[in-house]
Amino acid sequence: MIDLYAMTSPNVQKIFLMLEEVGLPYNAKLVDVWKGEQFRPEFTRLNPNAKVPLIVDHDGPGGQRTTVFESGAILIYLAEKAGILLPTAPAERYPVLQWLMVQLTGVGPMFGQYNHFKRFAPAGTDYSLSRYTTEVRRLYDLLDRRLGEAPYLGGPDYTIADIATVPWIRAMSRIFAKEAGFQRAHNPELPRLWAWVDRILERPAAVRAFARIDGIQSTVGSATPDDLDRIFQRGRYARA
Ligand SMILES: N[C@@H](CCC(=O)N[C@@H](CS)C(=O)NCC(=O)O)C(=O)O
């Protein structure tokens, strides 16, 4: 059995998608990050970086209990455990890892900062918002171009590179439902990207994963100003 420490965010959605694809039994344990549960000692003992997702595999290598944090590391761990969704031959493996890294170092942080400055930052941060909007647009174009070369990000087959990326594209369309920038109807210049999203969301494992995720109630709406200061490390939590 695998324990998945979870909430509703795209970084966690990746692991729901992956667990449903590989078919390993798992148990989701919700961590209310808006209320600061990620900073409790019982959680930071498992992940000193104080973030979800995190997994505890009670039947890890050699039968040992194994803890893995960071969504990219968890995807690689589960792919290797199950022997699918990450090819072993170098010619096929490195393109997958390369596009996984684009998600981990580009799509995740840049879309995340856009989300932060758009929804949670005080007024007067136009420069930051402009910078992250431009970066998000650049990454959308990059993904669409890549999907013109191959049906999936890592090559001919569905892999952990796609699993890492698709939750962010889906989340942007939903969180910013009123913004033309992230809606397919307003962005016909990204046809390969939208077709790829549709193909993935039709997969039975993706249908099961998103049904489960959509059943989790996000607690962001009940966060107090102090809860927001704590998660964003600002106000009385700022160190600079
Ligand atoms: N690089 C990490 C990012 C994880 C992350 O940012 N998790 C957020 C939810 S999406 C979180 O736990 N935030 C709580 C906090 O920052 O205190 C990964 O890919 O796993």
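Another point: the sheet that holds strand E2 (residues 26-30). The sheet built from four strands is open, its strands ordered E2-E1-E3-E4 with mixed pairing. A single partner strand is all that each edge strand has here, and the edge strands are E2 and strand E4 (66-69). Neighbour-to-neighbour, the strand axes of the sheet open up by a mean angle of 20°, direction not taken into account. Pairing analysis gives five bridges linking strand E1 (residues 2-6) to E2, with the strands arranged parallel. Each bridged residue has a counterpart across the sheet, and for Leu 4 the counterpart in E2 is Ala 28. On the sheet, helix H1 (residues 10-22) packs against E1, E2 and strand E3 (54-57) and is oriented at approximately 155° with respect to E1.

In a pair of packed helices, the angle between the axes and the distance between the axes together describe the arrangement. The contact between helix H5 (residues 126-149) and helix H6 (residues 160-175) brings their axes to 13 Å, and the two run at 125°. The pairing of H5 with H6 is recorded here as oblique in orientation. In the packing of H5 onto H6, the handedness of the crossing is left-handed. Contact with H5, carried on its side by Val 136, Tyr 140 and Leu 143, involves Thr 165, Ile 169 and Met 172 of H6 and no other residues of that element. Within the contact of H5 with H6, the residues separate by chemical class into five nonpolar, one polar and no charged.

Moving on: the packing of aromatic side chains. Counted under the stated rule, the structure contains 13 aromatic pairs. Pairing Phe 117 with Tyr 132 gives two aromatic rings, centres 5.6 Å apart and planes at 15°, and the pair type is stacked. On the criterion of sequence distance, the pair formed by Phe 117 in helix H4 (residues 90-119) and Tyr 132 in helix H5 is long-range, its members being 15 residues apart. We note that Phe 117, like Tyr 132, is buried. Members of the aromatic cluster, each reached through a chain of ring pairs, are Phe 111, Tyr 114, Tyr 140, Trp 168, Phe 176 and Phe 182. We note Arg 137 situated over the ring of Tyr 140; from NZ or CZ to the ring centre the distance is 5.2 Å. The aromatic ring of Tyr 152 is capped on one face by Arg 199, whose charged end is 4.9 Å from the ring centroid.

Further remarks concern the domain arrangement of the chain. According to the domain assignment, the chain consists of domain 1 (2-84 + 221-237) and domain 2 (90-202). Distance from the C-alpha centre of domain 1 to the C-alpha centre of domain 2: 21 Å. Counting residues at the interface gives 17 residues for domain 1, matched by 18 residues for domain 2. Roughly 1300 Å² of surface becomes buried between domain 1 and domain 2 when both sides are summed, with 73% attributable to carbon and sulfur atoms. When the buried surface of domain 1 facing domain 2 is broken down by residue, Pro 10, Lys 14 and Leu 17 rank first, second and third, together holding 32% of it. Our count for the contact surface shared by domain 1 and domain 2 stands at one salt bridge. As a salt-bridge pair, Arg 93 and Glu 80 come within 2.7 Å of each other at their nearest N and O atoms. Linking domain 1 to domain 2 there are four residue pairs in polar contact (both at pLDDT 80 or more).

With that settled, the discussion passes to the environment of Lys 51. Inspection of the secondary structure puts Lys 51 in the loop between helix H2 (41-44) and E3. Between the alpha carbons of Lys 51 and Lys 178 there is a distance of 29 Å; along the sequence they are 127 residues apart.

Below, the discussion takes up the site of the ligand. What surrounds the ligand is a group of 13 residues, the closest being Gln 38, Lys 51, Val 52, Glu 70 and Ser 71. Contacts to the ligand include Gln 38, whose side-chain N or O atom sits 2.8 Å from an oxygen atom. Within the side chain of Lys 51, one N or O atom sits 2.6 Å away from an oxygen atom of the ligand. Among the residues forming the shell around the ligand, the class breakdown is seven nonpolar, four polar and two charged.

What follows deals with the packing of H5 against helix H7 (residues 191-201). Where H5 contacts H7, the two axes come as close as 7 Å, and the packing angle between them is 75°. Judged by the angle between their axes, H5 and H7 are roughly perpendicular. The residues of H7 that touch H5, namely those facing Tyr 140, Leu 143, Asp 144, Arg 145, Leu 147 and Gly 148, are Pro 191, Arg 192, Leu 193, Trp 194 and Trp 196. The class makeup of the residues in the contact of H5 with H7 is seven nonpolar, one polar and three charged.

Quick notes on the rules
Residues numbered from 1 in each chain as written. Predicted model: local features only at pLDDT ≥ 70, side-chain atom pairs only at ≥ 80, totals over all residues. Heavy atoms only, no water. Pairing = 2+ DSSP bridges. Helix = DSSP H or I, 4+ residues; strand = E, 2+ residues; numbered from the N terminus. Axes fitted to C-alpha atoms, helices over the stretch in contact; angles between N-to-C directions. Contact = heavy atoms within 4.5 Å. Parallel < 35°, antiparallel > 145°, perpendicular 65-115°, else oblique. Left-handed = near helix turned anticlockwise from the far one by under 90°. Nonpolar A, V, L, I, M, F, W, Y, C, P; charged D, E, K, R; others polar. Phe/Tyr/Trp six-rings, centres within 6.5 Å; stacked < 30°, edge-to-face > 60°. Buried < 20%, exposed > 50% of the residue type's maximum accessible area, 1.4 Å probe, protein only. Lys NZ or Arg CZ within 6 Å of the ring centre and 35° of its normal. Domains from an automatic or database assignment. Buried area = accessible area lost by both parts, 1.4 Å probe. Salt bridge = Lys/Arg side-chain N within 4 Å of Asp/Glu carboxyl O. Polar contact = N/O pair within 3.5 Å; in protein donor to acceptor, adjacent residues only side chain to side chain. Near = heavy atom within 4 Å.

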